[in-house]
Amino acid sequence: MAEPGETRTRSSVITARAAASFDPVGRSVATARAFVRDTLQGWGYADVVDDAVVLTSELVTNAVVHAGTAADVLCLRSEDGVRVEVGDRYPEREIPLQGTGRIIVSPDRENGRGLLLCAALASRWGVEYTPTHKQVWFQLDLPQRPVGTRSAGPVLPTPLLPVADERVRVAVTQIDRSGSISVWNEDAEHLFGYPADQVVGKPLTDFAAWPHTPGIGTGIAEALRLSRWEGSYGIRGTDGRVVPVYASHLRVRDNNGEPSTVCLLVRDDERAVIQTPQRAPVTDTGAESRSTDPFEVFIGSPAPDDLDGLLQRTVERARDMLDGDAAFLLLATDDETELEVRATTGLPSARQRFARVPVEAGTGRYGSARMPAVHEDLAAVPGAVPLLNSTGMRSVVTVPLKVEGRLTGSLGVAAESACRYSNEEALRLQFAADRIALAVESARLGELERLRRGSLSFLVEASDLLAGTLDRDQTLALMAQMTVPTLATWCAVYTIADQASEPYLSYVLHEDEERIDGLKALLSKIDPPEPVPTPGARVWAAPAEAAHRAALRSSRRELGLGSSPPVSSGIGTTLATAAAVGGETVVLPLVARNRVIGMLTLGKPSDDHFRQEILELAEDLSRRAALALDNARLYSERVAISQSLQRSLLPPELPHVPGVEVEVIYRAAGEGNEVGGDFYDLFPIRDGAYGFAIGDVCGTGPEAAAVTGLARHALRLLAREGFGGPAVLERLNAAILDEGARSRFLTLLYGELWPQEDGSAVLKVVCAGHPLPLRLRQDGTVEPAAEPQPLLGVMEDLELYEQMVTLDPGDVLLCVTDGVTERREGTRMLGDDGLSDVLTNCTGLTAGAVASRVLRAVERFAAEPASDDMAILAMRVPEPETPRS
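All values reported here derive from a predicted model rather than from experimental measurement. Counting restarts for each chain, with residues numbered from 1 along the sequence as it is written. For a predicted model such as this one, the threshold for reporting local features is a pLDDT of at least 70, and the threshold for listing and counting side-chain atom pairs is 80 or more; totals across whole chains, interfaces and linings nevertheless cover every residue. Excluding hydrogens and water, the side-chain values take into account all heavy atoms of the structure.

Chemist: Tell me what's going on with the overall build of the chain, and back it up with residues and numbers.
Modeler: Strands are runs of DSSP state E lasting at least two residues, helices are runs of H or I lasting at least four, and both sets are numbered from the N terminus onward. Within the chain, the regular secondary structure consists of 21 helices and 34 strands. Long-range pairs, those at least 24 residues apart, make up 62% of the contacts in the chain between residues at least 6 apart in sequence. To measure how exposed things are, a 1.4 Å probe is used in the Shrake-Rupley method; for residues, cover is taken only from the protein chains shown. By element, 50% of the accessible surface of the chain is carried by carbon and sulfur atoms, the whole surface being about 43400 Å². What makes two residues a contact is simply this: any of their non-hydrogen atoms within 4.5 Å.

Here it is in structure tokens:
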């Protein structure tokens, strides 16, 4: 239902909206008033704030007090005014109106008084129903402002006027819909060094150093889409340094409806040129405001529910309360020896955030953060407040935040003029600090608890990842990937091979992959940090200094000011690298087993600092990473030693046997093993005679490889001493038994080979418990070439004999270990018969082709990888070539 003659219209274009819901409790009325007040003041609608707050208060009271339901408040901004909608969930309540439009409600009644006020104050208003909700809305039109002065300040003496350069430069830039720069005026060129043709068409984000104000998730891309924005950030100049600026943004649209953002920028210390004057706070004289908590009076309602938001609100209200130009709040570390900058306003927050200063900065009460202090003129005592160095601030008042006598922080307000504050302002600020100290400490403890839980989870995950690999390069990569971007913007890992070696740059990572090459090149040109074993993080200034020098040289060359000719290529990379490493850089030692094995270097971008909790977490990570890196080093060394020893057990290159083709394929079971329990050998005994062997030691791995080495070297030595096959094996059997508990039984096929002048080859073979050798004739017939005899390493007295075999041209002798014949797939096994079937189809193939076909058949027999060592030895007497006619 609406007032007669009025209808709810949505013809106006809605340019912004804000919504909130409030619980059905009395306190929600004050909270709703503050929500509407803050929203409209933020939109710049101060002219209608009072009426809107009064109407909202009455309508929300009707909802949460009388109707007893939650209230939903929606603020809509249009070009000509503002609409506020208040909805409740009690649609059957009586509406005190008649069809004639006459209001029949008594002004003395609580019920319906909000509608009386709507009729009196609002330009338009109405009531809408749904089956579950009732909604009352009102619209307040903006008054028509005559052309003229909107706001003005008092006449000030000349010494109190803001300080500016001889010529105040206002950079004007326009940002199009995509966020790219479309206008760049002459003052912008002067302030930042870039000519227009170098920046037009590029995103503003390439040049802006956005402060990321604590407690506010708004980034630069979002700020450029707001209808109006005002505040501080930085622009990176051509020399790589960040120029602090104060900016005013206004969102506009052209005649075609295309939106863009006009940005006015001045140096931060000249912000008075474009800064909007602070409005006086609107006071609420209702009965409820007289009983409001002093904390809410200072912070406002609702209070931010996160620490960063609470601290940021605190410094803003403290600055406004004392009419200051800047304010800051620092929190004490657990041991109360240092203060960490956590929130600022009016200062370059990106540069100051998380910077640390000592609690006791000097002698006397003014050098301690534990006592209130007033500095009337900082120019008379340079460095008295390090946080304000080079900021243009002249006077400052600081007070401690204490809880139960313990220092938890420090709050300060500063002004650009001298002698601005006295003890009276210090008392006012101390009173406010006492009101908020407990809330700040409670929020800080909550944040620390969340950080500790997150840190514990992070370290558990890191430990699992580091424990999951013994590869050195992968461990280095994991170290860097766990720190970037969680702990730092970039990371570099230096390793030290031994105490006599210099640190070596082993790995570099940046959250922006395009910055990695430039960062690596920069770090390669400077001396590595000193490998100090002292635990904890220490600041390393060399990267930032080197980056700044490189950026300065590049800028001078580009401008033609250096000794080298001007260059244009590479300047962008150099400046980007300078910005990437321009913040704080810390080094943590990697100490394992009482030795420094490397350094973990973490860095921040331009003028940024690490917070203490992050450094403590990084120190915990560095200890775990150092042990993982050292374990990977030890494992790599042991693998290298093991592989070297294993390779020594393999025979050298196979000798050339005249008139006989020889091919060997060897596969050791087990990861990292080159030699196992199976072995082979082929060696010359004397002129025209060659010895060959293929054997299988019980088991796999290093223990079996030890017996392998004993057998191979003993066979060569005994054969070259002139012993025949049976004598060689009997002596080898005695040597194996002499090993005692380390002995392993051994199956062995040993033979001697004599190539003949007629193209055949004569062999003498002894098969001691080994799979029988198979002979393939030219007609495809396959038959065993020896008889089985007892294996070695079991009995002391062996009586072995040798058998003679003659290989005719085209014949093949195939010798394998049981890894081939005992290949299984479930209950099936390849066996001697299966091997014979494979060999039958190898007629006419070379020795290499025969060995390869046997291996292929073994691999295809089962899907699972082989679990036993495998050796294949194929010898073939080639057929004589037929002479060409």
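Chemist: Requested: an account of the pairing of strand E16 (residues 395-403), with residues and values cited.
Modeler: Of all nine residues in E16, eight are buried; the element is thus mostly enclosed. Strands are treated as partners if at least two bridges between them are detected by DSSP. Sheet analysis places strand E15 (residues 373-375) next to E16, joined by three bridges and oriented antiparallel. Each residue of the ladder has a partner; that of Ala373, found in E16, is Thr398. By the bridge criterion, nine bridges tie E16 to strand E17 (residues 406-415) in an arrangement that is antiparallel. Using a 1.4 Å probe on the protein chains alone, a residue whose accessible area is under 20% of its type maximum counts as buried, one over 50% counts as exposed, and one in between counts as partly exposed.

Chemist: Break down the sheet that holds E16 for me, citing the residues and quoting the values.
Modeler: In spatial order, the strands read E14-E13-E12-E17-E16-E15; together these six strands make up an open sheet with antiparallel pairing. Looking at the sheet topology across the chains shown, the edges are occupied by strand E14 (356-358) and E15. Taking the axes of each pair of neighbouring strands and ignoring which way they run, one obtains an average angle of 25 degrees across the sheet. Helix H9 (residues 307-321) contacts strand E12 (326-332), strand E13 (338-345) and E17 of the sheet and is inclined by roughly 70 degrees relative to E13. To get an axis, fit a line to the C-alpha atoms, keeping to the stretch in contact for a helix; angles then go from 0 to 180 degrees between the N-to-C directions.

Chemist: Break down the packing of aromatic side chains for me, citing the residues and quoting the values.
Modeler: Each aromatic ring pair is specified by the distance between its two centres and by the angle formed by the two planes. Two rings belonging to Phe, Tyr or Trp (six-membered ring only in the last case) form a pair when the distance between their centres is within 6.5 Å. Interplanar angles under 30 degrees mark stacking, angles over 60 mark edge-to-face geometry, and anything in between is tilted. One pass over the structure, following the stated rule, counts six aromatic pairs. Arranged with centres 5.9 Å apart and planes meeting at 50 degrees, the rings of Tyr666 and Tyr680 form a pair that is tilted. One end of the pair, Tyr666, is in strand E23 (residues 661-667); the other, Tyr680, is in strand E24 (residues 678-686), and 14 residues separate them in sequence. Residue Tyr680 is classed as buried on the basis of its relative accessible area, which comes to 15%. For Arg83, the ring lying beneath its charged end belongs to Trp137, and the centroid distance is 4.7 Å. Over the face of the ring belonging to Phe861 we find Arg828, whose NZ or CZ atom lies 4.4 Å from the ring centre. Only Lys NZ and Arg CZ are tested; either one counts as a charge over a ring when it is within 6 Å of the ring centre and within 35 degrees of the ring normal.

Chemist: Mind laying out the nonpolar core, listing which residues take part and the relevant values?
Modeler: Buried Ala, Val, Leu, Ile, Met, Phe, Trp, Tyr and Cys residues form a nonpolar core when they are joined through side-chain atoms within 4.5 Å. Core analysis: the largest hydrophobic core is formed by 50 residues, its most contacted members being Met479, Leu523, Leu590 and Leu602. Not counting residues within four places of it along the chain, the set of residues in contact with Met479 comprises Leu466, Val493, Leu590, Leu600 and Ala625. One finds Phe22, Leu40, Ala63 and Ala71 within the second-largest nonpolar core, a separate group that totals 34 residues.

Chemist: Can you explain the pairing of strand E22 (residues 595-603)? Please cite residues and give values.
Modeler: A large share of E22 lies buried, amounting to nine of its nine residues. With six bridges connecting them, strand E18 (residues 490-495) and E22 associate as antiparallel partners. Bridging across to E22, Tyr494 finds its partner in Met599. Here eight bridges tie strand E21 (residues 585-592) to E22, and the two strands are oriented antiparallel to one another. Counted as the bridge partner of Val591 is Val596 from E22. In textbook terms, the turn of a hairpin is the stretch between consecutive antiparallel strands, and for E21 and E22 this stretch comprises two residues, one of which, Arg593, has a positive phi near 55 degrees.

Chemist: Tell me about the sheet that holds strand E30 (residues 803-807), and please be specific about residues and values.
Modeler: The sheet built from five strands is open, its strands ordered E24-E25-E26-E27-E30 with antiparallel pairing. Looking at the sheet topology across the chains shown, the edges are occupied by E24 and E30. Within the sheet, the average angular offset between the axes of one strand and its neighbour, ignoring direction, is 20 degrees. When strand E27 (residues 761-768) meets E30, the two strands line up antiparallel, connected through five bridges. Across the sheet, Val765 pairs through a bridge with Gln803, a residue of E30. Against the sheet, helix H18 (residues 725-737) contacts strand E26 (746-755) and E27, and its axis sits at roughly 150 degrees relative to E26.

Chemist: A description of unusual backbone geometry should follow, citing residues and the corresponding values.
Modeler: Put simply, Val484 and Pro485 share a cis peptide bond, and its omega is 0 degrees. Of note, the phi angle at Cys419 is positive, near 55 degrees, even though the residue is not glycine. One can find Cys419 in the loop between E17 and helix H11 (423-467). Phi is positive for Asn594, which is not a glycine, with a value near 60 degrees. Asn594 sits in the exposed class, given a relative accessible area of 82%.

Chemist: Describe the confidence of the model for the chain, listing the residues and the values that go with them.
Modeler: Fine structural detail should not be taken from predicted coordinates in areas where pLDDT scores are low. Confidence of the prediction at every residue is given by pLDDT, a number between 0 and 100. Here the chain shows a mean pLDDT of 80. Residues at 70 or above account for 82%. Mean pLDDT across the elements of the chain ranges from a minimum in helix H7 (residues 287-290), with 40, to a maximum in strand E31 (residues 812-816), with 95. Every residue in residues 1-11 scores below 50 in pLDDT, and together they form 21 contacts with partners more than four places removed in sequence or on other chains. In the predicted structure, residues 279-294 sits below a pLDDT of 50 and forms 18 contacts with residues beyond four places in sequence or in another chain.

Chemist: Please provide a residue-by-residue account of the layout of surface pockets, values included.
Modeler: As a volume, the second largest pocket reaches approximately 430 Å³. The pocket and cavity definitions rest on a 1 Å grid over protein atoms only: a 1.4 Å probe that fits but cannot leave marks a cavity, an open set with protein on both sides within 12 Å along at least five of seven lines marks a pocket, and residues lining either have an atom within 4 Å of a point. Lining the second largest pocket are 22 residues, with Asp334, Leu448, Gln612, Glu613 and Glu616 positioned closest to its centre. Those elements that place two or more of their residues in the lining of the second largest pocket are E12, E13, H11 and helix H16 (612-649). Counted by class, the lining of the second largest pocket contains seven nonpolar, four polar and 11 charged residues. Grid points are joined across faces, edges and corners, and a volume is the space filled by probe spheres set on the points. Residue polarity is assigned by list, with Asp, Glu, Lys and Arg as charged and Ala, Val, Leu, Ile, Met, Phe, Trp, Tyr, Cys and Pro as nonpolar; anything else, Gly included, falls into the polar class.

Chemist: With reference to specific residues and values, describe the pattern of salt bridges.
Modeler: Salt bridge, as applied in this entry: a Lys or Arg side-chain nitrogen positioned within 4 Å of an Asp or Glu carboxyl oxygen. Evaluation of the coordinates by the stated rule reveals 28 salt bridges. Its salt-bridge partner being Arg623, residue Asp620 comes within 2.1 Å of it at the nearest N-O pair. One end of the pair, Asp620, and the other, Arg623, are both in helix H16, three residues apart, so they sit about a helical turn from each other. A relative accessible area of 23% places Asp620 in the partly exposed class.

Chemist: Tell me about helix H20 (residues 831-840), and please be specific about residues and values.
Modeler: Taken together, the buried positions of H20 are occupied by Gly831, Gly834, Leu835, Ser836, Val838 and Leu839. The inward-facing, buried residues of H20 contact strand E28 (774-776), strand E29 (782-784), E31, helix H19 (818-821), strand E33 (828-829) and helix H21 (847-861).

Chemist: Go over the packing of H20 against H21, please, and point to the residues and values.
Modeler: Across the interface, H20 lies against H21 with an axial gap of 10 Å and an inter-helix angle of 135 degrees. When the interaxial angle is binned, H20 and H21 end up oblique. For the pair H20 and H21, the sense of crossing is right-handed. Contacts from Leu835, Val838 and Leu839 of H20 reach H21 at Val850, Arg853, Val854 and Ala857. Of the residues contributing to the contact of H20 with H21, the split by class is six nonpolar, no polar and one charged. Should an angle fall under 35 degrees it is taken as roughly parallel, and over 145 as roughly antiparallel, whereas 65 to 115 is taken as roughly perpendicular and any remaining angle as oblique. When the near helix sits turned anticlockwise from the far one by under a right angle, the crossing is termed left-handed; a clockwise turn instead gives a right-handed crossing.

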